[in-house]
Amino acid sequence: MTVTLEVSDNVGTIRLDRPPMNALDVAVQDRLRELAEEATRREDVRAVILYGGEKVFAAGADIKEMQAMDHAAMVVRSRALQESFTAVARIPKPVVAAVTGYALGGGCELALCADFRIAADNAKLGQPEILLGLIPGAGGTQRLARLVGPSRAKDLIFTGRQVRAEEALAIGLVDRVVPAAEVYEQARAWAARLAQGPALALRAAKESVDAGLETDIDTGLTIERNWFAGLFATEDRERGMRSFVEEGPGKARFL
């Protein structure tokens, strides 16, 4: 398999494994969607890691495969491409990208689908599609602009330049930079911590932030209010408040 889902201690790792550069061909795209949907369904998966291995996250689309497509073929394929990445972005659980080496084009767009990005100190990220006479097609023009702001997104998209980990951290494209050998370990620690948290509250928090960003503040506040009130019907809320009153803050166990 070019993409796998491995689950251990309530953490699922979606692993790209298409040497040498984890090029995102049609088969990989479709498999990503399948595994994102599986991770969404599975109750034993409470947090997810996106990982391409020790050397490279994903260097982008399979250019040879794309070169063979004409306009009619890409009209059909582009929707499936976006839907695959959107399935990852909509996993209703905490998702962290463990970025090593190159995360370019579709690889950068895949990292953008995560809630949090931990990058190796030797990582390089970018949207080089303009150098092919194209624009990003898997969400890059939308998710990148929402993450780093329109001016910085346009700089990266217009020039196609690659940014090193330090610059990516400075502009908010990644959230943490660590030595290359520690990337997966750090991502695992982040995911494992959240995998022990209240699953419904985490889902509510993720949906409130993500959906709120797509609308006006009044609608966003309505989304937040509905989730906030709804969580009062959950066992996790009862457990969390009881633990706070009886034991003090931060000691509740939700598994």
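One can find the structure itself at the top, above this paragraph.
So, here is what we can say about the structure in this document.

Procedures and definitions
Residues numbered from 1 in each chain as written. Predicted model: local features only at pLDDT ≥ 70, side-chain atom pairs only at ≥ 80, totals over all residues. Heavy atoms only, no water. Helix = DSSP H or I, 4+ residues; strand = E, 2+ residues; numbered from the N terminus. Rg over C-alpha atoms; globule rule 2.2 N^0.38 Å. Buried < 20%, exposed > 50% of the residue type's maximum accessible area, 1.4 Å probe, protein only. Contact = heavy atoms within 4.5 Å. Salt bridge = Lys/Arg side-chain N within 4 Å of Asp/Glu carboxyl O. Pairing = 2+ DSSP bridges. Phe/Tyr/Trp six-rings, centres within 6.5 Å; stacked < 30°, edge-to-face > 60°.

**Description of the overall build of the chain**
Step number 1: Scanning the chain for helices and strands turns up eleven helices and nine strands.
Step number 2: For 255 residues, the compact-globule formula gives about 18 Å, and the C-alpha radius of gyration of the chain, at 19 Å, lands near that figure.
Step number 3: Referenced to the eigenvectors of the C-alpha coordinate spread, the extents of the chain come out at roughly 60 × 40 × 35 Å.
Step number 4: Across the 255 residues that make up the chain, the buried fraction comes to 42%.
Step number 5: Here the contacts in the chain between residues at least 6 apart in sequence split such that 70% fall between residues at least 24 apart.

**Concerning the side chain of D236**
Step number 1: By secondary structure assignment, the location of D236 is in helix α11 (residues 235-247).
Step number 2: What makes D236 buried here is its relative accessible area of 17%.
Step number 3: The contacts of D236, once residues within four sequence positions are left out, are P198, A199, L200 and F254.

**With respect to the pattern of salt bridges**
Step number 1: Counting across every chain of the model gives 15 salt bridges.
Step number 2: For R33, the salt bridge is made with E37, and the minimal N-O distance between the two is 3.2 Å. Within this pair, R33 and its partner E37 are both found in helix α1 (residues 26-41), separated by four residues, close to a single helical turn.
Step number 3: Salt bridges sharing common partners tie together R18, D25 and D62.

**Description of the pairing of strand β1 (residues 3-8)**
Step number 1: Here six bridges tie β1 to strand β2 (residues 11-16), and the two strands are oriented antiparallel to one another. Note that in β2 the partner of T4 across the bridge is R15.
Step number 2: Adjacent in sequence and paired antiparallel, β1 and β2 are bridged by two residues, among which D9 carries a positive phi angle near 55°.

**Re unusual backbone geometry**
Step number 1: With an omega of 5°, the peptide bond running from P19 to P20 counts as cis.
Step number 2: Positionally, P20 belongs in the loop between β2 and α1.
Step number 3: Even without being glycine, D9 reaches a positive phi, approximately 55°.
Step number 4: The residue D9 is located in the loop between β1 and β2 in this model.
Step number 5: The class for D9 is exposed, based on a relative accessible area of 65%.
Step number 6: The backbone phi angle of N10 is positive, close to 70°, even though this residue is not glycine.
Step number 7: Relative to the helices and strands, N10 is located in the loop between β1 and β2.
Step number 8: A relative accessible area of 23% places N10 in the partly exposed class.

**Remarks on the packing of aromatic side chains**
The description of two aromatic rings rests on the distance between their centres and on the angle between their planes.
Step number 1: Taken as a whole, this structure holds three aromatic pairs when the rule is applied.
Step number 2: With a centroid separation of 4.8 Å and 40° between ring planes, the pair formed by Y51 and Y184 is classed as tilted. One end of the pair, Y51, is in strand β3 (residues 47-51); the other, Y184, is in helix α8 (residues 183-195), and 133 residues separate them in sequence.
Step number 3: Ring centres of F116 and W190 lie 5.2 Å apart, and the angle between their planes is 10°; on these two criteria the pair is classed as stacked.

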